[in-house]
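# Architecture at a glance
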Amino acid sequence: MADAMGSSADLEGRQNNCCTDQGGEEGGIKEQDRLLPIANVGRIMKQILPPNAKISKEAKETMQECVSEFISFVTGEASDKCHKEKRKTVNGDDICWALSTLGFDDYAEPMRRYLQKYREMEGDRAASGSHGSRANSLDSRDEARGEQQRDQSSGACQFMFNALERNDASTSRRF
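Residues numbered from 1 in each chain as written. Predicted model: local features only at pLDDT ≥ 70, side-chain atom pairs only at ≥ 80, totals over all residues. Heavy atoms only, no water.

Taken over all residues, the pLDDT of the chain has a mean of 74, while the share at 70 or more is 57%. Across residues 1-23 the pLDDT falls below 50, and counting only partners more than four positions away or on other chains, this stretch makes 29 contacts in the model. (pLDDT = per-residue confidence, 0-100. Contact = heavy atoms within 4.5 Å.)

Next comes the structure, spelled out in structure tokens:
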């Protein structure tokens, strides 16, 4: 896996450019700009726990650091690929490629499926007009639920993704 991550100098440079353990600024990036909002992290953590479970501030802060570092790590790898290909925009396929390259194959395949479903939903929304049709949106959800049940019965590895729709509330789906 060390070969897939690039040289240790590349990894060290990427870590030093984006993160610090001191909670201050490093390289002109404020901590609040490099970390996901802790309220969002806590909300995501609570979704998987029983309703009466509590999460300590320390646990939220630790997870906040970890997920922010993970996102930076994967995005940095995808960005390096785009730079080598002389492209300026990192897309979903680049993120999936980076996940695989870095050895996160268990996450790359579900992410590819999610990306495919997202693109299908966006295509349906564009085809039905600028505001989108509520009926088409509901049909897409029903189809996704049916596929979710088929995937669960097959014993496939499952990951939760939140599919956000502009006109509707957030809905959790497995892809």
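Tallied over the full model, the rule gives three aromatic pairs. Their ring planes at 80° and their centres at 5.1 Å tell us that Phe-70 and Phe-104 sit as a pair that is edge-to-face. Of this pair, Phe-70 sits in helix α4 (residues 57-84) while Phe-104 sits in the loop between α5 (92-101) and α6 (105-127); the two residues are 34 residues apart in sequence, bridging distant segments of the chain. Summarising the aromatic geometry, the rings of Phe-104 and Tyr-107 are spaced 6.3 Å apart at their centres and angled 65° between planes, so their arrangement reads as edge-to-face. Judged by its relative accessible area of 42%, Tyr-107 falls in the partly exposed class. (Phe/Tyr/Trp six-rings, centres within 6.5 Å; stacked < 30°, edge-to-face > 60°. Helix = DSSP H or I, 4+ residues; strand = E, 2+ residues; numbered from the N terminus. Buried < 20%, exposed > 50% of the residue type's maximum accessible area, 1.4 Å probe, protein only.)

Attention shifts here to α5. The periodicity of an α-helix, 3.6 residues per turn, causes residues three or four positions apart to be oriented the same way. All of the buried residues along α5 are Asp-94, Cys-96, Ala-98 and Leu-99. Where the residues of α5 are buried, they touch α4 and α6. Structurally, the start of α5 carries an N-cap: the backbone nitrogen of Asp-93 is 3.0 Å from a side-chain oxygen of Asn-91. Gly-103 sits one or two residues past α5 and shows a positive phi near 90°. (Polar contact = N/O pair within 3.5 Å; in protein donor to acceptor, adjacent residues only side chain to side chain.)

A separate point is unusual backbone geometry. A positive phi angle, close to 55°, is found at Lys-86, a residue other than glycine. In this fold, Lys-86 is placed in the loop between α4 and α5. Classification of Lys-86 by relative accessible area gives exposed; the value is 77%.

Once their charged atoms are close, side chains differing in charge can pair, the charge on each being opposite to the other. Tallying each qualifying case throughout the model produces 10 salt bridges. For Glu-109, the salt bridge is made with Arg-112, and the minimal N-O distance between the two is 2.8 Å. Taken together, the residues span about one helical turn, with Glu-109 and Arg-112 both in helix α6 at a distance of three residues. Using a relative accessible area of 42% as the deciding quantity, one classes Glu-109 as partly exposed. (Salt bridge = Lys/Arg side-chain N within 4 Å of Asp/Glu carboxyl O.)

Time to look at α4. The terminal C-alpha atoms of α4 lie 40 Å apart, and with 28 residues this matches the ideal 40 Å at 1.5 Å per residue to within 8%. Lys-86 sits one or two residues past α4 and shows a positive phi near 55°. (Expected span 1.5 Å × (residues − 1).)

Here we take up a nonpolar patch on the surface. Side chains of Leu-36, Phe-70 and Ile-71 sit close together on the surface and give an oily, nonpolar patch of about 230 Å² of accessible area. Among the structural elements, Ile-71 can be located in helix α4. (Patch = residues over 30% accessible without salt bridge, like charges linked within 9 Å, V, L, I, M, F, W, Y side chains within 5 Å. Areas by Shrake-Rupley, 256 points an atom, 1.4 Å probe, with all protein chains shown as cover.)

Buried together is how nonpolar side chains tend to be arranged in soluble globular proteins. Membership of the largest hydrophobic core is limited to seven residues, which are Phe-73, Val-74, Ala-78, Ala-98, Leu-99, Leu-102 and Ala-108. At the level of secondary structure, the elements contributing two or more residues to this core comprise α4 and α5. Among the elements that line this core, the one with the most residues is α4, at three residues. Here Leu-99 is in contact with Phe-70, Val-74, Phe-104, Asp-105, Tyr-107, Ala-108 and Met-111, once residues within four sequence places are set aside. (Core = buried A, V, L, I, M, F, W, Y, C linked by side-chain atoms within 4.5 Å.)

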